[in-house]
Amino acid sequence: VSLCKDITSAIEDREALAASVNEKETLIRELYHRTKNNMQIISSFIQIQSRKIGDEKVSAFAKNIVSKIQTMSLVHEKLYQSKNLSKINLKEYIEELISLIANYNSAANNNVAVVFEIADTELSIDSAIPLGLVINEIITNSFKHAFLPGEKGRITVSLKKEKDGSLILIISDDGKGLSKDFDVRETASLGMTTIFSIIEKQMQGSVDIISENGLTYILSFKNKKAEK
C-alpha cells in the first residue's frame, strides 16, 4: 500500500511539474509574440511620423531605425515559432532577415541577387540579436553603396562551422569596393564602428575586411551556449 502511495505521489508530482513547465513555456512564447508586436507598432509610428514631416534626412534616419527594429523583431518571431525558447535556427534567420533587407532596399537597387551558402546551426538569443544588427548594417551598405542604381550585382552570404564550435560568417559583394587609401578603422562611420564593436567586444570575435573585386567581410565568433 505504501509503495502504491509513493508511486501515485511521484506521478502526481511529475504531472504537476510538467504542467508548470508548459505554463511557463506558454508565457514565454506569449512574451516573445507581444514583444514582436510592440516593435512592429513602434516601427509603424516612426514611419507615419517621418511621412508627416516629409524631410529626406528624417525619412532616411527613420528608415534606418525601422530596419534595426525589424532585425530585432524577427529574432523574437523566430523564437516564438521555435521549439527551443532560448535559441533559433541561424540559417532560417539569416535568409529571412536578408530577404527583408532586400525588399526594403529594392527601390534603390533591384538587380542585385543574393546567394546563400549557410550551414545549418543554432544560435542563442544573446548572440542572434547583435549578429542580426551587424548583418543588417553590412547588407544595407552593400545595397546602398556597392552598386550604381540599376546595376547588376551579387551578394554572397556563407556561414561555416569550425571544429572548435566557432562560426565564420562571410559576406561579400562584387561591387566597386573601397578606395585604396580608405582605412576602415581610421575613417569608420557609425555603422562600421557598430560592426567592430559588436563582433570584437560584445561577441569576442574578429573582423577582417578585404576590398578586392568588391568588398568582403569575414566575421569570426564563438557560438555561445544558450541557457535553457
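Each value, and the rule that gives it
Residues numbered from 1 in each chain as written. Predicted model: local features only at pLDDT ≥ 70, side-chain atom pairs only at ≥ 80, totals over all residues. Heavy atoms only, no water. Core = buried A, V, L, I, M, F, W, Y, C linked by side-chain atoms within 4.5 Å. Buried < 20%, exposed > 50% of the residue type's maximum accessible area, 1.4 Å probe, protein only. Helix = DSSP H or I, 4+ residues; strand = E, 2+ residues; numbered from the N terminus. Pairing = 2+ DSSP bridges. Salt bridge = Lys/Arg side-chain N within 4 Å of Asp/Glu carboxyl O. Patch = residues over 30% accessible without salt bridge, like charges linked within 9 Å, V, L, I, M, F, W, Y side chains within 5 Å. Areas by Shrake-Rupley, 256 points an atom, 1.4 Å probe, with all protein chains shown as cover. Expected span 1.5 Å × (residues − 1). Arc of directions from axis to C-beta. Polar contact = N/O pair within 3.5 Å; in protein donor to acceptor, adjacent residues only side chain to side chain.

Let us look at the nonpolar core. With 43 residues, the main nonpolar core has Leu-131, Ile-135, Ile-139, Val-157 and Leu-169 as its most contacted residues. If you list the elements that add at least two residues to this core, you get helix H2 (56–81), helix H3 (90–104), strand E2 (112–118), helix H4 (125–146), strand E4 (153–161), strand E5 (167–173), helix H5 (190–202) and strand E7 (215–221). Looking at which element gives the most residues to this core, the answer is H4, with nine residues.

So, about the pairing of E4. Across seven bridges, the pairing between E2 and E4 is parallel. The residue bridging Glu-117 from the neighbouring strand is Ser-158, located in E4. Across seven bridges, E4 lies against E5 in antiparallel orientation. The residue of E5 that forms the bridge with Leu-159 is Leu-169. Connecting E4 to the antiparallel partner E5 that follows it, the hairpin turn spans five residues, and Gly-165 within it adopts a positive phi of roughly 95 degrees.

Under the defined criterion, the tally for this structure stands at four salt bridges. Between Lys-87 and Glu-122 there is a salt bridge, with its nearest N and O atoms 3.4 Å apart. Here Lys-87 is found in strand E1 (residues 87–89), whereas its partner Glu-122 is found in strand E3 (residues 122–124), with 35 residues between them in sequence. By relative accessible area, Glu-122 is classed as partly exposed at 37%. Lys-222 is the partner of Asp-164 in a salt bridge, and the nearest nitrogen-oxygen pair spans 3.3 Å. Here Lys-222 lies in the segment after E7 and Asp-164 lies in the loop between E4 and E5, a separation of 58 residues in the sequence.

Excluding glycine, residues mostly have negative phi values, and the peptide bonds linking residues are mostly trans. In this model, Gln-204 sits at a positive phi of 50 degrees, which is unusual for a non-glycine residue. Relative to the elements of secondary structure, Gln-204 occurs in the loop between H5 and strand E6 (206–210). Note on Gln-204: relative accessible area 60%, which makes it exposed. For Asn-213, which is not glycine, the phi torsion reads 55 degrees and is therefore positive. With respect to the helices, strands and loops of the structure, Asn-213 is situated in the loop between E6 and E7.

This next bit is on a nonpolar patch on the surface. Side chains of Ile-41, Phe-45 and Ile-48 sit close together on the surface and give an oily, nonpolar patch of about 290 Å² of accessible area. Residue placement: Ile-48 occurs in helix H1 (residues 2–53). Judged by relative accessible area, Ile-48 falls into the partly exposed class, the value being 38%.

Here H3 is 15 residues long and its end C-alpha atoms lie 21 Å apart, about the 21 Å a rise of 1.5 Å per residue gives. Of all the residues in H3, the buried ones are Leu-90, Tyr-93, Ile-94, Leu-97, Ile-98, Ile-101 and Ala-102. Projected onto a plane normal to the axis of H3, the buried residues spread over an arc of 160 degrees and lie on a single side. One side-chain oxygen of the residue at the start of H3 lies 3.1 Å from the amide nitrogen of Lys-91, identifying that residue as Asn-89.

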